[in-house]
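As a plain string of letters, each chain reads:
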Amino acid sequence: MSLFHAREWWLHQLGFNETFSDGALTVGKLSTSSEEASKIITGSLQGRLRVHGPTSRGSDLGTSLLLESQLDAPILQLILLLEHGETHTNSLVVLHPRKLVMYAFGLHRPSRDLLCSVSRVKPKLLILHSHQFDQAVPHFIAFSMCSGPYGGRNYDVVLVQSIDGCIIIFDRDVCCSNFE
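Being a predicted model, the structure only gives us computed values, none of them experimental.

1. Notes on the overall build of the protein
Turning to step 1, where the next piece is worked out: In terms of regular secondary structure, the protein is built from two helices and twelve strands.
Turning to step 2, where the next piece is worked out: Secondary structure elements in the protein, listed N-terminal to C-terminal, are β-β-β-α-β-β-β-β-β-α-β-β-β-β.
Turning to step 3, where the next piece is worked out: When burial is assessed residue by residue, the protein has 42% of its 180 residues classed as buried.
Turning to step 4, where the next piece is worked out: For the protein, long-range pairs separated by at least 24 residues make up 46% of all intrachain contacts whose partners lie at least 6 apart in sequence.
Turning to step 5, where the next piece is worked out: Carbon and sulfur atoms make up 54% of the accessible area of the protein, which totals about 10900 Å².

Structure (structure tokens):
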């Protein structure tokens, strides 16, 4: 007898002929509201960013896909940061090979759907900050990033590592320093 049972709860096929890096998936809430359910956010190397609101009702693309956006560069990694500033939304940090972009989610309620009697909250992307790496360090090509309250701060900073081992620290919206 087993204590655990595996059951498929939600399933979604992501695009055709798309590839994904291992860091281009994150799960979390888009706003600081306690009533909001967690979302699944994915990014492909073809630059396609998707936000899913999975439900146990099935895998219908029309109900689970909340946002799909084509960005201008491959997506290497995604991090969802806790509340940034006074937006009351969590920030999505997107790592591209030559830049780091921080987005906020603007949440708006569309008019009632003809097929569904309940109106749903749909996210839209708002750029908070964008940092080109070549402005800080020439020939910088990103490899990975991490975040945390480094240096005793009460908020998260983002560290980006290049393919040759250089690190750039982003403290809120400012590039602080780099180490080689």
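2. Observations regarding the packing of aromatic side chains
Turning to step 1, where the next piece is worked out: Scanning the entire structure with this criterion turns up two aromatic pairs.
Turning to step 2, where the next piece is worked out: Residues phenylalanine 133 and phenylalanine 170 carry aromatic rings whose centres are separated by 6.2 Å and whose planes lie at 50 degrees to one another, so their mutual orientation is tilted. Of this pair, phenylalanine 133 sits in helix α2 (residues 133–136) while phenylalanine 170 is found in strand β11 (residues 167–171), placing the two residues 37 residues apart along the sequence. Of the two residues examined, phenylalanine 133 and phenylalanine 170, each falls in the buried class.
Turning to step 3, where the next piece is worked out: Among the aromatic side chains, those forming a connected cluster through ring pairs are Phe133, Phe140 and Phe170.

3. Quick notes on the environment of proline 149
Turning to step 1, where the next piece is worked out: By the secondary structure assignment, proline 149 is in the loop between β9 (142–148) and β10 (157–162).
Turning to step 2, where the next piece is worked out: Non-local contacts of proline 149, meaning those with residues more than four positions away in its chain, are made with Tyr155 and Asp156.

4. Brief notes about the environment of leucine 66
Turning to step 1, where the next piece is worked out: Take leucine 66: it is sitting in strand β4 (residues 65–70).
Turning to step 2, where the next piece is worked out: Taking relative accessible area as the criterion, leucine 66 reaches 10% and is therefore assigned buried.
Turning to step 3, where the next piece is worked out: Residues leucine 66 and proline 54 lie twelve residues apart in sequence; the distance between their C-alpha atoms is 9.5 Å.

5. Side note on the pairing of strand β5 (residues 77–81)
Along a regular strand, successive side chains alternate from one face of the sheet to the other.
Turning to step 1, where the next piece is worked out: Of all five residues in β5, five are buried; the element is thus mostly enclosed.
Turning to step 2, where the next piece is worked out: On β5, burial covers both faces: Gln77, Ile79 and Leu81 on one face and Leu78 and Leu80 on the other are all buried.
Turning to step 3, where the next piece is worked out: By the bridge criterion, five bridges tie β5 to strand β6 (residues 91–95) in an arrangement that is antiparallel. Along β6, the bridge assignment pairs leucine 81 with serine 91.

6. Things to note about unusual backbone geometry
Turning to step 1, where the next piece is worked out: Phi at asparagine 17 is positive, roughly 55 degrees, even though this residue is not glycine.
Turning to step 2, where the next piece is worked out: With respect to the element layout, asparagine 17 can be found in the segment before β1 (25–28).
Turning to step 3, where the next piece is worked out: The exposed category is assigned to asparagine 17, whose relative accessible area is 76%.
Turning to step 4, where the next piece is worked out: The phi dihedral of histidine 139 is positive, around 65 degrees, even though this residue is not glycine.
Turning to step 5, where the next piece is worked out: Inspection of the secondary structure puts histidine 139 in the loop between α2 and β9.

Scoring rules and cut-offs
- Residues numbered from 1 in each chain as written.
- Predicted model: local features only at pLDDT ≥ 70, side-chain atom pairs only at ≥ 80, totals over all residues.
- Heavy atoms only, no water.
- Helix = DSSP H or I, 4+ residues; strand = E, 2+ residues; numbered from the N terminus.
- Buried < 20%, exposed > 50% of the residue type's maximum accessible area, 1.4 Å probe, protein only.
- Contact = heavy atoms within 4.5 Å.
- Areas by Shrake-Rupley, 256 points an atom, 1.4 Å probe, with all protein chains shown as cover.
- Phe/Tyr/Trp six-rings, centres within 6.5 Å; stacked < 30°, edge-to-face > 60°.
- Pairing = 2+ DSSP bridges.

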